[in-house]
Amino acid sequence: MSHASPDRTRRLHLGVFLDGAGHYSSAWRHPASPTDRFFQLDYYKQLASTAERGKFDMVFFSDRYGIPDRYGDHFRATVRSLHSAHLDPFTLIAALAGVTEKVGLAATVSTSFSEPFHVARQFASLDWLSGGRTAWNIVTSTSDNEARNFGEDHIPDHDVRYERAKEYVTVANGLWDSWEADAFVFDKEAGIYANADKIRYLHHRGRHFAVRGPLDVPRSPQGRPVLVQAGSSDTGRDFAAHAAEVIFTAQPSLEGARTFYADMKTRAAAYDRSADSIKVMPGLMPIVGETEAEARDTEALLAEYADPIAGLAILSDQINYDLSVHPLDGPVPELHDVTGMQSRLKLIAKLVKSDALTLRQLGKFYGGSRLHRKVVGSPTQIADFMQDWFAAGACDGFNLMPPYLPDGLDKFVELVVPELQNRGLIRTEYEGCTLREHLGLPWPAGRPRF
Ligand SMILES: Cc1cc2nc3c(=O)[nH]c(=O)nc-3n(C[C@H](O)[C@H](O)[C@H](O)COP(=O)(O)O)c2cc1C
């Protein structure tokens, strides 16, 4: 395949999606997996420093509120084989802010189980303490089992979740904007601390929230944290096109990724936003070897260890449907009216249509990259793949999902990053300090409301 020469003014953005073991459901069983370090700061410091060495835009941590025990509605099936425990991501990025210098720090907080004043205040504070490196992945959560930790039996319906999320983000934006950047006066002689004309009440009263404001944290270095979203349903895309600056998405095929990319940029334009003001970063699981054969051996090892129940546990949680009610060696059932991730359900239906799978086979497969695109090969092959998607208008960058850690990330940074740098596709040094600068995103202007 020929690779179009890159436009040198346009660079790929790289984030890395981190968790304890890596993304393959069996990652913790890999002989090199440091199972005794999954809850140690030093381990995450090492991972974030590796990302910084590769001059990545950001490190990213996802979140769910509890153990993913929707499969069988009991933790027994889940915790037997799945690496299902993790640290609170906001606490983690706060700790990482003190031990890293340049890399952006993105954490997930769900709008379904928190209050905007609290969360806006935390992000504004951490944006100060990190020198403008924070990002918020706005999610609405997916599973009843998360709702059960917050006094509810069921997660709200998809549309209701997004409705609350929209109001939530409007409030958070209003709070961040409640201080103008030059509100402080600090005139010691006259005794004037701040200019009261530059600080505003919000007086928000809506269906879900009543918030007077203003925030008690002043306008932070980035103005607002970078807003990330990963809704892929129609409602989710619309929300993302309005509110988000970075879009995560699972896109197994080039054709699907191009359609999604074009759709997101068109939707953004409908909200008077420039195509450049949102960065689409599909997930990518790179399985890297010095040679293709070595990469294939790594994949085979991870696949050998993979327990189908672990994959089905992740999926049941994501779609909010207990797949254990169907026989493991029977066909994948057709599912309607589930309330979890709509877009992932569509991808599964497409997969099953082209390839008749049993649930056991689906579980094994899904526990690999969860339908994010996987590329197995040598550094050149992986760089070729990334260049091709970028040149084909399928993405602005990638949210890398190392199959196992730390080696999966080390290999990428040691072997693939120099190849991408030689091609002029990624930076060789950080030019700026804030995450907004890394991503080429503007200072947030205006006060958009839904
Ligand atoms: C890379 C990526 C990371 C995500 N992280 C989380 C997360 O941490 N917590 C969560 O509840 N959902 C997470 N999601 C799910 C999305 O927020 C969203 O629910 C999903 O993409 C389905 O969107 P839809 O309901 O609009 O189809 C993530 C999705 C992607 C693609």
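Residues numbered from 1 in each chain as written. Predicted model: local features only at pLDDT ≥ 70, side-chain atom pairs only at ≥ 80, totals over all residues. Heavy atoms only, no water.

The chain has the name LLM class flavin-dependent oxidoreductase in an unreviewed UniProt entry, where Paenibacillus hemerocallicola is given as its organism.

Draft legend 1. Region of interest: the side chain of Ser220. With respect to the secondary-structure elements, Ser220 resides in the loop between strand S8 (210-211) and strand S9 (226-229). Each residue touching Ser220, except ones within four places of it in the same chain, is listed here: Ala124, Asp127, Trp128 and Trp443. (Helix = DSSP H or I, 4+ residues; strand = E, 2+ residues; numbered from the N terminus. Contact = heavy atoms within 4.5 Å.)

Draft legend 2. The arrangement of the nonpolar core in detail. Phe56, Trp136, Met386, Phe398, Phe412 and Leu420 are the most contacted members of the largest nonpolar core, which totals 85 residues. Residue contacts for Phe56: discarding those within four places in its chain leaves Leu14, Gly15, Val16, Ala51, Val103, Leu400, Leu409, Phe412, Val413, Val417, Arg427 and Tyr430. Listed in part, the 21 residues of the second largest apolar core include Tyr71, Val332, Leu351 and Leu371. (Core = buried A, V, L, I, M, F, W, Y, C linked by side-chain atoms within 4.5 Å. Buried < 20%, exposed > 50% of the residue type's maximum accessible area, 1.4 Å probe, protein only.)

Draft legend 3. Representation of the packing of helix H7 (residues 234-243) against helix H8 (residues 254-270). Interaxial distance between H7 and H8 falls to 8 Å at its minimum, and their mutual angle equals 55°. Looking at the two axes, H7 sits oblique to H8. Once H7 is placed against H8, the crossing between them reads as right-handed. Where H7 abuts H8, its residues Asp234, Arg237, Asp238, Ala240 and Ala241 lie against Phe260, Asp263, Met264, Arg267 and Ala268. In terms of residue class, the contact of H7 with H8 is built from 5 nonpolar, no polar and 5 charged. (Axes fitted to C-alpha atoms, helices over the stretch in contact; angles between N-to-C directions. Parallel < 35°, antiparallel > 145°, perpendicular 65-115°, else oblique. Left-handed = near helix turned anticlockwise from the far one by under 90°. Nonpolar A, V, L, I, M, F, W, Y, C, P; charged D, E, K, R; others polar.)

Draft legend 4. Fine view of a nonpolar patch on the surface. Taken together, the side chains of Ile67, Phe75 and Val79 define a hydrophobic patch exposed on the protein surface, amounting to about 230 Å² of accessible area. With respect to the helices and strands, the residue Val79 is situated in helix H2 (residues 75-81). The class for Val79 is partly exposed, based on a relative accessible area of 36%. (Patch = residues over 30% accessible without salt bridge, like charges linked within 9 Å, V, L, I, M, F, W, Y side chains within 5 Å. Areas by Shrake-Rupley, 256 points an atom, 1.4 Å probe, with all protein chains shown as cover. Salt bridge = Lys/Arg side-chain N within 4 Å of Asp/Glu carboxyl O.)

Draft legend 5. Structural context of the site of the ligand. The environment of the ligand is formed by 22 residues, the closest being Asp63, His158, Ala230, Ser233 and Ser343. A distance of 2.6 Å is found between an oxygen atom of the ligand and a backbone nitrogen or oxygen belonging to Asp63. Contact with the protein chains removes 94% of the 620 Å² of surface that the ligand exposes when unbound. Listed by contribution, the elements that provide at least two residues to the shell around the ligand are strand S4 (134-139), helix H6 (158-176), strand S10 (246-249) and helix H11 (342-354). When the residues that make up the shell around the ligand are grouped by side-chain class, the tally is 6 nonpolar, 14 polar and 2 charged. (Near = heavy atom within 4 Å. Polar contact = N/O pair within 3.5 Å; in protein donor to acceptor, adjacent residues only side chain to side chain.)

Draft legend 6. Local environment of the environment of Val211. By the element assignment, Val211 lies in strand S8. For the pair Val211 and Gly174, spaced 37 residues apart in the sequence, the C-alpha separation amounts to 9.8 Å. Those residues in contact with Val211, other than ones at most four positions away along the chain, are Phe117, Val171, Leu175, Leu202, His203 and His204.

Draft legend 7. Helix H1 (residues 41-53), seen in detail. Under the 1.5 Å per step criterion, the end-to-end length of H1 is 18 Å for 13 residues, consistent within 8% with the ideal 18 Å. For H1, every residue scored as buried is listed here: Tyr43, Tyr44, Leu47, Ala48, Thr50, Ala51 and Glu52. Packing partners of the buried residues in H1 comprise strand S1 (13-17), strand S2 (58-61), helix H3 (89-97) and helix H14 (407-422). At the exit of H1 stands Lys55, carrying a positive phi of roughly 60°. (Expected span 1.5 Å × (residues − 1).)

Draft legend 8. Local environment of empty space enclosed by the protein. By the definition in use, this model includes 1 cavity of 30 Å³ or more. Volume-wise, the largest cavity comes out at about 30 Å³. Ile287, Val288, Thr298, Pro403, Tyr404, Gly408 and Lys411 together form the lining of the largest cavity. Listed by contribution, the elements that provide at least two residues to the lining of the largest cavity are strand S11 (279-288) and H14. Broken down by class, the residue content of the lining of the largest cavity amounts to 4 nonpolar, 2 polar and 1 charged. (1 Å grid on protein atoms, 1.4 Å probe; cavity = no way out; pocket = protein on both sides within 12 Å on 5 of 7 lines; lining within 4 Å. Points joined across faces, edges and corners; volume = space filled by probe spheres on them.)

Draft legend 9. Local environment of the pattern of salt bridges. Per the stated rule, a full pass over the model turns up 29 salt bridges. Salt-bridge contacts for Arg200 lead to Glu180; the nearest nitrogen and oxygen are separated by 3.0 Å. You can see Arg200 sitting in the loop between strand S6 (192-194) and strand S7 (204-205) and its partner Glu180 sitting in the loop between H6 and strand S5 (184-187), a full 20 residues away along the chain. The class for Glu180 is partly exposed, based on a relative accessible area of 29%. Where salt bridges share partners, they join Asp234, Arg237, Asp238, Asp263 and Arg267 into one cluster.

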